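Coordinates in review
Listed below, chain by chain, are the residues.
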Amino acid sequence: MATTRFWSLKGNIVKALDYVLDLKDHQRKTGGGSYIETNMTTGSPALAGYMMKNGQTSRNNKNVGYHFQISLPAGEGDEQECMVIAREWMDRISGGQAQYVVAVHNNTNNIHAHIIAAAYLKNGKQWDISWIKQKNRFRSVADQVCKEHGLSVLENEYSKGMTYEEWMDRNEPDSKHAMLKKTLDYVIPRVESMEDLKSYMRAVGFKVYDDVEKKKMDEKFLEFTVDIKIIATQPNGMYHIRIPYDPERHKIEVDPTEFEWIKENKTARIRIPTDKVLNYFDRKDHFLDRRSCAEIKGIFEQKRKKGRKDLRFKVPESKKCIRASHISKDEDYSRDAIMQAISRNGRTETDPKIAAVIAHQNEWSYAREARRHLFEVTGINAQFQGKEFYKVASKQNYYKWKATQIEKRLDLMHYRNLLEKDRQNLDKLKARRAELAAELKGCQQDLEQFNQELFQLMLDRVEDVAKVDETVLTKRIEETKGPLLERKDQLRQMINLYDQRISNAEYFQKEEEKKSVERVRTR
């Protein structure tokens with residue numbers, strides 16, 4: 001959607017045109033003058049302002065002209081297309097009667113056109129514009145022109161207030177199941193394999209467990225992990241471990257050399273040679289008999305063969321696993337269903353953005369930004385405050401804030417040192433400021449004299465008193481007026497800087513004098 005703006009011009013219209021043509025900056029914004037056009041009879045945009053000003057001499061009008069601006073959406077259109085759109089827009093809103101100069105600027109993310117229009121139309125009538133009354137018509141015409149050129153147009157949307165319950169529903173954090181559903185709905189159409197799906201989700205902070213990836217048991221050992229709840233330490237230093245998957249809750253005796261804590265007093269790993277004979281106990285630790293480790297291992301292998309082949313997920317900062325088949329009651333997200341969906345997509349390669357995240361999965365900052373982007377595009381509302389991840393981030397933010405405060409103190413000390421130097425050299429600062437003001441006055445006089453000479457030449461040309469080539473006049477404006485405008489702008493900036501330094505130094509001097517008087521009084 002193109003945005004439009006408008007200003008009524010008062011005073012000297014030539015100054016507005018000088019800004020639009022970017023004379024003081026050597027026309028860098030307009031591609032060296034490549035993106036400037038006019039529909040006026042003069043043919044030269046640089047001379048159009050003087051013609052508009054001459055047209056005001058015998059007429060009484062509070063507005064000397066109008067300044068329009070039309071900006072294209074970011075990333076849409078180019079300079080030439082913007083020029084065409086601007087001209088079509090001006091011709092339509094004025095019925096083809098406006099006299100104007102168009103200059104397209106490309107110094108921002110949005111390519112935009114500035115249009116300086118004369119206060120009088122081609123038929124000699126005064127062009128009265130009330131922006132408040134006509135802005136809707138101007139904007140609708142701009143939208144129509146943009147549609148014809150294939151640019152986007154934002155349709156009018158009317159919003160209404162929300163009840164407290166609606167606001168709460170919108171801001172309530174998503175459940176773990178909802179987070180997984182939204183993530184899978186986003187990732188599945190963008191990957192070409194199950195491996196890329198798992199790699200991406202792991203890269204952005206999800207934990208993914210695939211039952212198909214479970215390692216086969218070593219033939220020479222029975223190896224499994226157990227929770228503290230099924231571990232019983234005996235007085236002789238041995239461990240009684242309840243056999244997982246055994247409905248009778250029988251136990252085996254494990255030597256300390258075959259026992260290893262993974263997390264102290266939480267989970268342990270058991271690794272027993274299969275050729276060993278184990279003591280076998282009932283649930284109350286009563287000895288029953290001795291059984292081979294190979295027999296007990298068979299129970300585990302049989303259970304593994306019957307086990308479900310599915311995916312399990314943990315969302316970021318969560319401790320609970322969720323099976324893929326349990327994510328939604330209405331839709332199937334089981335491992336097989338996901339594989340079929342990826343196959344139906346028919347992708348030959350993974351989306352470049354997904355692939356980039358997978359390639360940088362070991363970079364924490366990149367993964368964090370990838371997760372933030374995922375949550376934004378999928379609309380996931382997650383509240384991780386109080387979690388370890390965000391505690392670390394909060395601590396980092398605190399250290400950044402502390403470092404910034406220290407930098408501010410150091411800058412303040414440096415600033416006070418500079419103020420002291422300016423206070424000692426206050427007379428020199430004022431003298432230099434006066435020199436710059438005198439130079440600015442001389443520059444302003446040169447500009448006024450140049451404009452008067454050019455006005456006279458334009459009048460003589462209109463009245464056929466003298467024949468002056470437009471090319472010569474345009475070149476003279478660029479070579480003479482451009483540098484003068486640039487120097488004038490530099491001088492104003494320098495004078496403003498000196499004014500600020502002088503004001504600060506005088507204020508600092510007064511404060512120091514007050515402090516010295518107070519110190520004398522306290523004595």
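Structure: see above.
Since the model is a prediction, treat every value here as computed from it, not as a measurement.

The rules we used
- Residues numbered from 1 in each chain as written.
- Predicted model: local features only at pLDDT ≥ 70, side-chain atom pairs only at ≥ 80, totals over all residues.
- Heavy atoms only, no water.
- Helix = DSSP H or I, 4+ residues; strand = E, 2+ residues; numbered from the N terminus.
- Buried < 20%, exposed > 50% of the residue type's maximum accessible area, 1.4 Å probe, protein only.
- Contact = heavy atoms within 4.5 Å.
- Areas by Shrake-Rupley, 256 points an atom, 1.4 Å probe, with all protein chains shown as cover.
- Core = buried A, V, L, I, M, F, W, Y, C linked by side-chain atoms within 4.5 Å.
- Expected span 1.5 Å × (residues − 1).
- Arc of directions from axis to C-beta.
- Salt bridge = Lys/Arg side-chain N within 4 Å of Asp/Glu carboxyl O.
- Pairing = 2+ DSSP bridges.
- Phe/Tyr/Trp six-rings, centres within 6.5 Å; stacked < 30°, edge-to-face > 60°.
- Lys NZ or Arg CZ within 6 Å of the ring centre and 35° of its normal.
- Axes fitted to C-alpha atoms, helices over the stretch in contact; angles between N-to-C directions.
- Left-handed = near helix turned anticlockwise from the far one by under 90°.
- Nonpolar A, V, L, I, M, F, W, Y, C, P; charged D, E, K, R; others polar.
- Parallel < 35°, antiparallel > 145°, perpendicular 65-115°, else oblique.

Glancing now at the overall build of the protein chain. When its secondary structure is counted, the protein chain shows 14 helices and 16 strands. Looking at the protein chain residue by residue over its 523 residues, the buried ones come to 38%. Long-range contacts, defined as pairs at least 24 residues apart, comprise 69% of the intrachain contacts of the protein chain with a sequence gap of at least 6. Looking at the protein chain as shown, the accessible area adds up to about 32400 Å², and 48% of this sits on carbon and sulfur atoms.

In this section: the nonpolar core. Membership of the largest hydrophobic core comes to 39 residues, with the highest contact counts inside it found for Ile 13, Leu 21, Tyr 50, Met 52, Val 101, Ile 116 and Ile 477. If you list the elements that add at least two residues to this core, you get helix H1 (13-21), helix H2 (45-54), strand E4 (100-105), strand E5 (112-118), helix H13 (426-462) and helix H14 (470-522). Per-element accounting of this core gives the leading share, ten residues, to H13. Discounting chain neighbours no more than four positions away, the residues touching Ile 116 are Leu 9, Ile 13, Ala 16, Leu 17, Val 20, Met 52, Tyr 66, His 67, Gln 99, Tyr 100 and Val 101.

Moving on, we get to helix H6 (residues 176-187). Each full turn of the α-helix corresponds to 3.6 residues, which orients residues three or four apart in the same direction. Taking 1.5 Å as the rise per residue, H6 with twelve residues should run 16 Å; its terminal C-alpha atoms sit 16 Å apart, in good agreement. Buried residues of H6: Met 179, Leu 180, Thr 183, Leu 184, Tyr 186 and Val 187, and no others. Projection of H6 onto a plane perpendicular to its axis shows the buried side chains occupying an angular sector of 160 degrees, all on one side. Residues of H6 that are buried sit in contact with helix H7 (194-203), strand E15 (311-314), strand E16 (322-323), helix H9 (335-345), helix H10 (352-359) and helix H11 (364-378).

Here we take up helix H3 (residues 79-93). The terminal C-alpha atoms of H3 lie 21 Å apart, and with 15 residues this matches the ideal 21 Å at 1.5 Å per residue to within 8%. Along H3, the positions that sit buried rather than exposed are Glu 79, Cys 82, Met 83, Ile 85, Ala 86, Trp 89, Met 90 and Ile 93. With its buried residues spanning 165 degrees around the axis, H3 presents them on a single face. The secondary structure elements touched by the buried residues of H3 are strand E1 (3-9), strand E2 (36-38), strand E3 (65-71), E4, E5 and helix H4 (131-148).

To continue, consider the pattern of salt bridges. Counted by the stated rule, this structure contains 23 salt bridges. Notably, a salt bridge pairs Glu 88 with Arg 92, separated by 3.8 Å at the nearest N-O pair. In this pair, Glu 88 and Arg 92 both sit in helix H3, four residues apart, roughly one turn of the helix. Residue Glu 88 is classed as partly exposed on the basis of its relative accessible area of 24%. On the basis of relative accessible area, Arg 92 is assigned to the partly exposed category, the value being 35%. Taking the shortest distance from any N to any O, the salt bridge between Lys 181 and Asp 185 comes out at 3.2 Å. Here Lys 181 and its partner Asp 185 are both found in helix H6, four residues apart, which amounts to about one turn of the helix. Judged by relative accessible area, Asp 185 falls into the partly exposed class, the value being 35%. If you follow the salt bridges from partner to partner, you end up with Glu 195, Lys 198, Asp 210 and Arg 335 in one network.

In this structure, Asn 451 sits in helix H13. Judged by its relative accessible area of 15%, Asn 451 is buried. Once residues within four sequence positions are removed from consideration, Asn 451 is found in contact with Tyr 50 and Lys 481.

Attention now goes to the pairing of E5. Within a regular beta strand, the side chains point alternately toward one face of the sheet and then the other, so they alternate between its two faces. In terms of residue burial, E5 counts as a mostly covered element, since seven of its seven residues are buried. By the alternation rule, side chains of E5 split into His 112, His 114, Ile 116 and Ala 118 and Ala 113, Ile 115 and Ala 117, which are all buried. Here E3 pairs with E5 via seven bridges, running antiparallel. When the bridges of E5 are listed, Phe 68 appears paired with Ile 115. Sheet analysis places E4 next to E5, joined by six bridges and oriented antiparallel. The partner of Val 104 across the bridge, within E5, is Ala 113.

Tallied over the full model, the rule gives eleven aromatic pairs. On the basis of an interplanar angle of 90 degrees and a centroid distance of 5.7 Å, the ring pair of Phe 68 and Trp 89 is categorised as edge-to-face. Pair noted here: Phe 68 is in strand E3 and Trp 89 is in helix H3, with a separation of 21 residues, a long-range link. Of the residues examined, Phe 68 reaches a relative accessible area of 0% and is grouped as buried. Centroid distance Phe 68 to Phe 138: 6.3 Å. Interplanar angle 65 degrees. Geometry classified as edge-to-face. Of this pair, Phe 68 sits in strand E3 while Phe 138 is found in helix H4, placing the two residues 70 residues apart along the sequence. Phe 138 carries the same exposure label as Phe 68, and that label is buried. Connected via pairs of aromatic rings, a cluster forms that spans Phe 6, Tyr 66, Phe 68, Trp 89, Trp 127, Trp 131 and Phe 138. Here the basic side chain of Arg 271 rests over the ring of Phe 221, its NZ or CZ set 3.8 Å away from the ring centre. Between the NZ or CZ atom of Arg 501 and the centre of the ring of Tyr 498, over which it lies, the distance is 5.7 Å.

Here H7 crosses H10 at 65 degrees, and the two axes come no closer than 9 Å. For the element pair H7 and H10, the recorded crossing hand is left-handed. Counting all contacts with H7, which are made through Asp 196, Ser 199, Tyr 200 and Ala 203, the residues of H10 involved are Ile 354, Val 357 and Ile 358. Of the residues contributing to the contact of H7 with H10, the split by class is five nonpolar, one polar and one charged.

With that settled, consider the packing of H6 against H7. It is the contact of H6 with H7, at a shortest axis distance of 11 Å, that shows an interaxial angle of 130 degrees. The angle between the axes of H6 and H7 places the two elements in the oblique class. The chirality of how H6 crosses H7 is right-handed. Judged by residue contacts, Leu 180, Thr 183, Leu 184, Tyr 186 and Val 187 of H6 engage Leu 197, Tyr 200 and Met 201 from H7. Broken down by class, the residue content of the contact of H6 with H7 amounts to seven nonpolar, one polar and no charged.

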